[in-house]
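Summary of the model geometry
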Amino acid sequence: LHLQKLMELLIADDHTLVSFFRKRITCSCLDKKHQEVKSIKKMGFCNNGQCPLPDRKVERSKMLYCTRCRYAYYCSRDCQKAAWSDHREVCKKKAEENAKFEQEMRIRDQNQNSM
């Protein structure tokens, strides 16, 4: 599971928690609770340690992500810029990992299609 998503689960709203477990539990025991909480906005966690928002929480649908590594999420472009010096090395590593994974998937798909 993605580190950002794990951090969000630690501070999660009811909607996020119910949705997370509902996808992983095969019974219908969370269906009623899901109906109750689905109107609650899902909240995310800004990756900038100096984010001015309370608890660095922001509505997830309004979050921006690093387009290079697709790993870090931010509440605004200003927070993304402010966090760049801390994020730069992680970004480079994650971008390289993503590129390697995507290349492996392309090769695998080509091999499956040629059979």
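The paragraphs below set out a description of the structure included in this document. Just so you know, these numbers come straight off a predicted model, no measurement behind them.

Describing the overall build of the protein chain
The helix and strand inventory of the protein chain stands at four helices and four strands. Along its sequence from the N terminus, the protein chain presents helices and strands in the succession α-α-α-β-β-β-β-α. The globule rule puts the C-alpha radius of gyration for 115 residues at 13 Å, and the 18 Å found for the protein chain is more than 25% above it. Taking the principal axes of the C-alpha coordinates as reference, the protein chain spans close to 45 × 45 × 20 Å. Each of the 115 residues in the protein chain was classed as buried or not, and the buried ones make up 29%. For the protein chain, the proportion of contacts with a sequence separation of at least 24, taken over those separated by at least 6, is 43%.

Comments concerning the nonpolar core
Among the nonpolar cores identified, the biggest contains 10 residues, and these are Cys-46, Cys-51, Val-58, Met-63, Ala-72, Tyr-73, Tyr-74, Cys-75, Cys-79 and Ala-83. Non-local contacts of Ala-83, meaning those with residues more than four positions away in its chain, are made with Asn-48 and Tyr-74.

Examining the layout of surface pockets
In this structure, the largest pocket spans a volume of roughly 170 Å³. Forming the boundary of the largest pocket are 11 residues, of which Lys-5, Leu-9, Thr-16, Phe-20 and Arg-60 lie nearest the centre. Those elements that place two or more of their residues in the lining of the largest pocket are α1 (3-10) and α2 (14-24). Residue classes in the lining of the largest pocket are distributed as three nonpolar, two polar and six charged.

As for α2
Among the residues making up α2, those that are buried are His-15, Thr-16, Val-18, Ser-19 and Phe-20. The N-cap of α2, judged by a side-chain oxygen 3.1 Å from the amide nitrogen of His-15 a few residues on, is Asp-13.

Thoughts on the pattern of salt bridges
Summed over all chains, the structure comprises six salt bridges. When the shortest N-O distance is used, the salt bridge between Asp-31 and Arg-22 registers 3.0 Å. Salt-bridge contacts for Asp-109 lead to Arg-108; the nearest nitrogen and oxygen are separated by 3.1 Å. For Arg-108, a relative accessible area of 41% corresponds to the partly exposed category.

Cut-offs and rules
- Residues numbered from 1 in each chain as written.
- Predicted model: local features only at pLDDT ≥ 70, side-chain atom pairs only at ≥ 80, totals over all residues.
- Heavy atoms only, no water.
- Helix = DSSP H or I, 4+ residues; strand = E, 2+ residues; numbered from the N terminus.
- Rg over C-alpha atoms; globule rule 2.2 N^0.38 Å.
- Buried < 20%, exposed > 50% of the residue type's maximum accessible area, 1.4 Å probe, protein only.
- Contact = heavy atoms within 4.5 Å.
- Core = buried A, V, L, I, M, F, W, Y, C linked by side-chain atoms within 4.5 Å.
- 1 Å grid on protein atoms, 1.4 Å probe; cavity = no way out; pocket = protein on both sides within 12 Å on 5 of 7 lines; lining within 4 Å.
- Points joined across faces, edges and corners; volume = space filled by probe spheres on them.
- Nonpolar A, V, L, I, M, F, W, Y, C, P; charged D, E, K, R; others polar.
- Polar contact = N/O pair within 3.5 Å; in protein donor to acceptor, adjacent residues only side chain to side chain.
- Salt bridge = Lys/Arg side-chain N within 4 Å of Asp/Glu carboxyl O.

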